[in-house]
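An overview of the molecular structure
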Amino acid sequence: MDIIVCLKQTFDTETVIWLNEKGEINDKDVKLIINPYDEFALEEALRVKEKLGGEVTVVSLGGVRTQEALRAALALGADKAMLINCENLTELDEMMAAKILARAINALPFDMIFTGRMAIDSGGAQMAMRLAEEFDLPAVSGITKIELEGRTAVVQHETDEGLETVEVLLPAVFSAQKGLNEPRYPVMAGILKAKKKPLDIIAAEELAAGLPLQSGMKVRGYVAPESRLPGRVLNGSAAEMTAELVRLLREEAKVV
Amino acid sequence: MANRIWVYVEQYKGKIRKVSLELLSKGRQLARANDCELEAVVLGPETAELTATAAAYGAERVLFITDERDFANYTIREYTTLLAQLLQTDKPEALLLGDTARGRDLAARTSQRLGVGLAADCIAIETDPDSFLKFKRPIYGGRLFAWLESANRPLMATARPNSFLLAEPDFTRTASVRKEKVNLAIEAPREVVKFVSKRASKRPELTEADIIVAGGRGMGNADNLHVLEDLADTLGGVAIGASRAVVDSGWRDMEYQVGQTGKTVSPALYIACGISGSIQHLAGMNSSKVIVAINRDPNATILDVADYALVGDLFDIVPKLTAEFQKLFKADN
Ligand SMILES: Cc1cc2nc3c(=O)[nH]c(=O)nc-3n(C[C@H](O)[C@H](O)[C@H](O)COP(=O)(O)OP(=O)(O)OC[C@H]3O[C@@H](n4cnc5c(N)ncnc54)[C@H](O)[C@@H]3O)c2cc1C
C-alpha cells in the first residue's frame, strides 16, 4: 500500500492572532505545529504501512519552515517527504492549493491519500474532496475507523444522520477525524534516521506552470472579532443566583 | 432570465433543514437588494409542502431535480456531476449551501469540478458593488475573520448553521415550480454506504441547536452528567455539548465535543458548566449569542466571556436552575 499524506503546518492552537500595520496576519515568531488532524492522518498511514508494507510519502504545501514539520513526519516513520514551496500560502485558495497538490501527487504511485479533516488555521475542511475530484476518486470525510479488506476500505465516519459505514474501492481519499487513532511520539532512533530520508523541495510556481494561477476566492481583508461586551457576575446564594438568571434570560436576553 | 441566486435545499427525514431555511431568508434579502430572483434547488421529487415552505421563506421559484432511477447508487460524485452540469447550463450568479457534513463535501467537490472558489462556513454574506457578494468566514478557530470575494461565477458559499437570521415565514407567498429530469450514466459504484447507525440521542444536532447545555471536567464523572440531562430536558430536550476533557475521559462520544477540534456552534444560549474556557473550547462556542457560565473558580476564563457568570458549585447551582426553569414554564402554561 503506497500512501500519500497531505500535511499542513499551522500556528500552534494557543497562538494569539493579530494583524500587523499592513493588515496582514502576523506570523513572525509564531510557534508552528503539524495541523493536529494531520497527525491522525499520518499515524493511520504508518499503521497501514507497518501491516501491509509499501511507502508513506508526506506532501506539504508551505513555506521553508514547513521542512520542520516534514522532518518530524519522517522521524515518526514516513519514508519520503516533498515540500511544495510557497511562501504566501494565504494567497492560494483551497481550489488552487488542491490543483497544485494534485500535480505533485500525480507523479507518485498511491493507493490511498490521507489528509486531516480540517486545517485548524484556514478551517477549510475540503482538501480530501478536492483531491478526490482532481483524480476522479471516491472520498470519505472525517473517518474515525478504517479496515482494509484487499482493495476495499471499510471506513466509518460521522454524518449528520449518524455513524455511517462505507465500503470504498481503492484508490481513494480519506480525511482523518479525531478518534481514528492515538498518534505516536517520536523516538531518538527515528529522529536520527529522518535526517537521511529524502525531502524534496519543488517551487509551487513550477508545479503550477500552465495552470491559470488564479485563486477562486480572494481575501479582501481580515477583521478581528468584535469583543464580547463584559458580562455580569450574579451574586447571592445559589437559589438567588438561579432565580435572577432565569429572570434575566427571559426578560433581558429573551432566549427562553 | 434575470440573474438568479440559488439556495441548495437540503432535506433531512423529509423536512427542510433549518440552515437551508436560514439561507432562503438571507437569499431573499440579497436577491431583493440586487434585483435577482431567488431559486430553491431541491434534489428529489416535487411536493406541495416543500414548495410552500420554500416560498414562505423567500423562494420565488423551486427547482425540483429528479433522476430516472431515483438517485439509486448515487454517491457524492454523481451528485457533484449533476449539480455541476446544472450550474453550467443554468448559470446562476451564486449558489449557497448549508455547511452541513454533506453540504460541505458537495460544495467542495462541485467547486473543484468547476474550477471556482468556495467561501466555506460563512457567517455573513453582504452585497458588494465590485464583486456582487462578499463573504465573511472565521479562520484560526474564530480568532479572526476573512472577507472573501471572487470574480468567478457562480459564486459559491456554504453557511454556518445558526448564523443567519431565520425570517418569519409568510405562507401567503407562492413560488413557481420548475422540474428537471436527469438521467446520469452511473458507473459501477466505487463507494457504497453499508449502514448508518442512527444517532441514539433524540436531541437536536449540536450545530443547529438553539440551546446547548455543556459540561466540562468539572462534571467529575460520566454519571454526574445526568444533572445536565435534567436541565436540557427541562429546557425542552435541547442539545448537550462537552469539552474535550469530557470526551477524552470517555464520559461522552466525540460527536459531543465543542471546540477547535470539535464542533463549532452558535446557539442562542450556551450554558457552560464546569468548563474552564480554554482557547480551544472558546473557538467552538464564542459566537453563541448568550453565554452563561457556571464555575466554582472565580478566575476561570469562561467567566470573562460569559454574559451571565455564576460562581459556585455546579452541583448546587444546576439542579436549582433546573427547578427555576420548571417553575417558569409551569407559570407559562
Ligand atoms: C490541539 C488542541 C485542540 C484542542 N481542542 C479542543 C476542543 O475542540 N474542545 C475543547 O473543549 N478543548 C480542546 N482542547 C483542550 C483544551 O486545551 C482544554 O484542555 C479543555 O478544553 C479543558 O476542558 P475543561 O474546561 O472541561 O477542563 P478544565 O480546564 O480542567 O476545567 C474544568 C473547570 O471546571 C471547574 N469546576 C470543577 N469542579 C466544579 C464544580 N463542582 N462546580 C463548578 N465548577 C467546577 C473548574 O474550576 C475548571 O474551571 C484542545 C487542546 C489542544 C492542544
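Not measured: the values here are computed from a predicted model. (Residues numbered from 1 in each chain as written. Chains lettered and ligands numbered in written order. Predicted model: local features only at pLDDT ≥ 70, side-chain atom pairs only at ≥ 80, totals over all residues. Heavy atoms only, no water.)

This part is about the sheet that holds strand S16 (residues 269-273) of chain B. What holds strands together in a sheet is hydrogen bonding between their backbones, with the strands either parallel or antiparallel. Pairing is parallel across the open sheet formed by six strands, whose spatial order is S13(A)-S18(B)-S17(B)-S16(B)-S14(B)-S15(B). What marks the edges here is a single partner per strand, and that holds for strand S13 (232-234) of chain A together with strand S15 (239-242) of chain B. On average, each strand axis in the sheet is inclined to that of its neighbour by 20°, with strand direction left out of account. Strand direction decides the pairing type here: S16 of chain B and strand S17 (residues 290-295) of chain B, joined by five bridges, are parallel. (Pairing = 2+ DSSP bridges. Helix = DSSP H or I, 4+ residues; strand = E, 2+ residues; numbered from the N terminus. Axes fitted to C-alpha atoms, helices over the stretch in contact; angles between N-to-C directions.)

Glancing now at the side chain of Arg-17 of chain B. Looking at where Arg-17 of chain B falls in the secondary structure, it is placed in the loop between strand S3 (15-16) and helix H1 (18-33). A polar side-chain atom of Arg-17 of chain B sits 3.2 Å from a polar atom in the side chain of Glu-208 of chain B. The residues contacting Arg-17 of chain B, other than those within four sequence positions of it, are Asp-160 of chain A together with Glu-10, Gln-11, Tyr-12, Thr-100 and Glu-208 of chain B. (Polar contact = N/O pair within 3.5 Å; in protein donor to acceptor, adjacent residues only side chain to side chain. Contact = heavy atoms within 4.5 Å.)

This brings us to the pattern of salt bridges. One pass over the structure, following the stated rule, counts 55 salt bridges over all chains. Several salt bridges share partner residues, and in doing so they unite Arg-4, Glu-37, Glu-39, Arg-61, Asp-90, Arg-178 and Glu-180 of chain B into one network. (Salt bridge = Lys/Arg side-chain N within 4 Å of Asp/Glu carboxyl O.)

Between chain B and chain A, the contact holds 95 residues from the first and 75 residues from the second. Across the chain B/chain A interface, buried area totals approximately 7300 Å², and carbon plus sulfur atoms make up 54% of it. Among the residues of chain B in contact with chain A, Gln-112, Tyr-140 and Tyr-308 of chain B are the three that bury the most area, contributing 11% of the side total. Joining chain B to chain A, the criterion identifies 14 salt bridges. When the shortest N-O distance is used, the salt bridge between Glu-133 of chain A and Arg-113 of chain B registers 2.1 Å. The interface formed by chain B and chain A includes 51 residue pairs in polar contact (both at pLDDT 80 or more). Classifying every residue of the side of chain B that touches chain A by side-chain character gives 44 nonpolar, 20 polar and 31 charged. When strand S9 (residues 162-169) of chain A meets strand S13 (residues 191-198) of chain B, the two strands line up antiparallel, connected through seven bridges. (Buried area = accessible area lost by both parts, 1.4 Å probe. Nonpolar A, V, L, I, M, F, W, Y, C, P; charged D, E, K, R; others polar.)

Neighbouring the ligand are 27 residues, the closest being Arg-217, Ser-243, Thr-261, Ser-276 and Asn-295 of chain B. Two or more chains meet at the ligand, and those chains are chains A and B. The side chain of Gln-257 of chain B places a nitrogen or oxygen atom 2.8 Å from an oxygen atom of the ligand. One of the side-chain nitrogen or oxygen atoms of Gln-280 of chain B is found 2.7 Å away from an oxygen atom of the ligand. The fraction of the free accessible surface of the ligand (980 Å²) that becomes covered by protein chains is 81%. (Near = heavy atom within 4 Å. Areas by Shrake-Rupley, 256 points an atom, 1.4 Å probe, with all protein chains shown as cover.)

Looking now at empty space enclosed by the protein. Applying the stated rule across the entire model yields two cavities of 30 Å³ or more. Taken as a whole, the largest cavity encloses approximately 110 Å³ of empty space. If you go around the largest cavity, the residues you meet are Arg-199, Ser-201, Arg-203, Pro-204, Glu-205, Leu-206, Ala-239, Ile-240, Glu-255, Tyr-256 and Lys-263 of chain B. Here the residues of the lining of the largest cavity are counted per class, giving five nonpolar, one polar and five charged. In this model, the second largest cavity occupies a volume close to 40 Å³. For the second largest cavity, the full set of lining residues is Thr-10, Phe-11, Asp-12, Thr-13, Thr-15, Ile-17, Ile-120 and Asp-121 of chain A together with Tyr-140, Arg-143 and Gln-260 of chain B. (1 Å grid on protein atoms, 1.4 Å probe; cavity = no way out; pocket = protein on both sides within 12 Å on 5 of 7 lines; lining within 4 Å. Points joined across faces, edges and corners; volume = space filled by probe spheres on them.)

This part covers the nonpolar core. Counting 45 residues, the largest nonpolar core has Ile-25 of chain A together with Ile-5, Leu-24, Leu-96, Ile-125, Leu-133 and Phe-135 of chain B as the members making the most contacts within it. With five residues, the top contributor of residues to this core is H1 of chain B. In this structure Ile-25 of chain A touches Phe-11, Ile-17, Trp-18, Leu-19 and Tyr-222 of chain A together with Ile-139, Tyr-140 and Leu-144 of chain B, once residues within four positions along its chain are discounted. Core analysis: the next-biggest nonpolar cluster, separate from the first, contains 42 residues, Leu-42, Leu-46, Val-155 and Ala-176 of chain A among them. (Core = buried A, V, L, I, M, F, W, Y, C linked by side-chain atoms within 4.5 Å. Buried < 20%, exposed > 50% of the residue type's maximum accessible area, 1.4 Å probe, protein only.)

Moving on, we come to unusual backbone geometry. Glycine aside, the phi torsion of most residues is negative, and most peptide linkages are trans. Across the junction of Leu-170 of chain A and Pro-171 of chain A, the peptide omega takes the value 0°, indicating a cis bond. Pro-154 of chain B follows Arg-153 of chain B through a cis peptide bond whose omega is -5°. Within the secondary structure, Pro-154 of chain B sits in the loop between strand S10 (144-149) and strand S11 (155-159). A positive phi angle, near 60°, is found at Asp-35 of chain B, a position not held by glycine. For Asp-35 of chain B, the position within the fold is in the loop between H1 and strand S4 (37-43). Look at Asp-35 of chain B and you get exposed, because its relative accessible area is 68%.

Here helix H3 (residues 76-90) of chain B is 15 residues long and its end C-alpha atoms lie 21 Å apart, about the 21 Å a rise of 1.5 Å per residue gives. All of the buried residues along H3 of chain B are Ile-76, Arg-77, Glu-78, Thr-80, Leu-82, Leu-83, Ala-84, Leu-86, Leu-87 and Asp-90 of chain B. (Expected span 1.5 Å × (residues − 1).)

An order of S11(A)-S5(A)-S4(A)-S1(A)-S6(A)-S10(A)-S7(A)-S8(A)-S9(A)-S13(B) is seen for the 10 strands of this open sheet, with the pairing classed as mixed. The open sheet has two free edges, formed respectively by strand S11 (199-203) of chain A together with S13 of chain B, since each of these has just one partner strand. Each strand of the sheet is rotated relative to its neighbour by a mean of 30°, with strand direction disregarded. In the sheet, strand S1 (residues 3-6) of chain A pairs with strand S4 (residues 56-62) of chain A via four bridges, with the strands oriented parallel. Pairing of Cys-6 of chain A across the sheet is with Val-59 of chain A, part of S4 of chain A.

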